[in-house]
Amino acid sequence: MGRGAPPPPHRPADPVALLAERAAAGHEPTLRALDRAGQALGLALASAVELIDPDGLVLGGAYAELADWLLPSVRAELAARVTVRPWAPEALRPSALGRRGPLLGAALTTVRRIMADPLLLPAG
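In what follows, the accompanying structure is described. (Residues numbered from 1 in each chain as written. Predicted model: local features only at pLDDT ≥ 70, side-chain atom pairs only at ≥ 80, totals over all residues. Heavy atoms only, no water.)

## What about the packing of helix α2 (residues 28-52) against helix α4 (residues 67-81)?
- Taken N-terminus to C-terminus, the directions of α2 and α4 make an angle of 40°; their axes are 7 Å apart at the nearest point. Comparing the axis directions of α2 and α4 gives the class oblique. Note on packing geometry: the crossing formed by α2 with α4 is right-handed.
- Its residues assigned to classes, the contact of α2 with α4 shows 12 nonpolar, four polar and four charged. (Axes fitted to C-alpha atoms, helices over the stretch in contact; angles between N-to-C directions. Helix = DSSP H or I, 4+ residues; strand = E, 2+ residues; numbered from the N terminus. Parallel < 35°, antiparallel > 145°, perpendicular 65-115°, else oblique. Left-handed = near helix turned anticlockwise from the far one by under 90°. Nonpolar A, V, L, I, M, F, W, Y, C, P; charged D, E, K, R; others polar.)

Here it is in C-alpha cells:
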C-alpha cells in the first residue's frame, strides 16, 4: 500500500438523513414506518392541542427534515381528533430552521442568560 492520506474517520450514518433518502427513493417499508410515526405524532399533538389550544404548531428538529412524509398523516390525525375548534391543516408546518432549530434555540437561551448576568461566565 502506498503512502497517502489516512482514510477518513468512521462516522456512523445519520439516521434521519438515511430515512429521508430512503423515503425520497420510494422505499415502501420506510414510507409505511413514517406514516405510522406521523399517526402517532398526530395523536400526541392532538392531545396537546386539546389541552392548550394553540393557533398553530411547528415541527422542528428531525421532524422538520422528515416533514414531507410526516405531515400528511399528522394533519389527518389532527383533523380527526381536534374538537376544541376547527383545525386548519396549514396550522401545522415544518420549521424553516430544520434540525438547526433546537440547537439555535439553546444557543440563544444561553447567550441571553449570560447577557443578563455576565458573572455566569467562568473567570479567566
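## Let's talk about the pattern of salt bridges
- In the structure shown here, the tally under the stated rule is four salt bridges.
- Across the pair R99 and E65 runs a salt bridge, and its minimum N-O distance is 2.6 Å. Here R99 is found in the loop between β2 (92-94) and α5 (100-116), whereas its partner E65 is found in helix α3 (residues 62-65), with 34 residues between them in sequence.
- The partly exposed category is assigned to R99, whose relative accessible area is 34%.
- When its relative accessible area of 30% is taken as the criterion, E65 is described as partly exposed.
- Through salt bridges that share partners, D14, E65 and R99 make up one connected network. (Salt bridge = Lys/Arg side-chain N within 4 Å of Asp/Glu carboxyl O. Buried < 20%, exposed > 50% of the residue type's maximum accessible area, 1.4 Å probe, protein only.)

## A look at the nonpolar core
- One finds L45, L57, V74, L78, W87 and L92 to be the most contacted residues of the largest nonpolar core, which totals 20 residues.
- Elements represented by at least two residues in this core include exactly α1 (15-24), α2, β1 (57-59) and α4.
- Leave out the neighbours within four places in its chain, and L78 touches G42, L45, A46, V49, L57, W87 and L92. (Core = buried A, V, L, I, M, F, W, Y, C linked by side-chain atoms within 4.5 Å. Contact = heavy atoms within 4.5 Å.)

Function cannot be read off these values alone, since they describe shape.
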